[in-house]
Amino acid sequence: MLILSLLILVLAGACVLAVRGVRADAKAEGDPLNIPEALFAPQSLEGVLCVQLLDGEITRQQYVRSMAGLAARDDERHPLTVPGYDD
């Protein structure tokens, strides 16, 4: 019984030391990442509209109106067809 108790204490101590080591590593790596701005450049018109909305350059109503216009234009250019559905 004494051996089992000592084994449990040794394992608990090892776990505590491991957790402390992980926390110390996490604090050491706490420096912010430097991500180039080019990775966040919008790649589509929708992205440009989102950036303008977040920056306050356009209002919510202007954003919704622009997105509705984009959706209508996309529907004209690439209409959605459902296989097996005939009008």
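Before reading on, note that the structure itself is shown above.
Residues numbered from 1 in each chain as written. Predicted model: local features only at pLDDT ≥ 70, side-chain atom pairs only at ≥ 80, totals over all residues. Heavy atoms only, no water.

### What about the overall build of the protein?
And step 1. If you tally the helices and strands in the protein, you get three helices and zero strands.
And step 2. Looking at the protein as a whole, 5% of its 87 residues are labelled buried.
And step 3. For the protein, the computed accessible surface area is about 8200 Å², with 63% contributed by carbon and sulfur atoms. (Helix = DSSP H or I, 4+ residues; strand = E, 2+ residues; numbered from the N terminus. Buried < 20%, exposed > 50% of the residue type's maximum accessible area, 1.4 Å probe, protein only. Areas by Shrake-Rupley, 256 points an atom, 1.4 Å probe, with all protein chains shown as cover.)

### Comments concerning a nonpolar patch on the surface
And step 1. Nonpolar side chains collect at one region of the surface, where Met1, Leu4, Leu7, Ile8 and Leu11 lie side by side and expose about 580 Å² of accessible area between them.
And step 2. Within the element layout of this structure, Met1 appears in the segment before α1 (2-28).
And step 3. Classification of Met1 by relative accessible area gives exposed; the value is 80%. (Patch = residues over 30% accessible without salt bridge, like charges linked within 9 Å, V, L, I, M, F, W, Y side chains within 5 Å. Salt bridge = Lys/Arg side-chain N within 4 Å of Asp/Glu carboxyl O.)

From the geometry alone we can't say anything about function, so treat these as descriptive.
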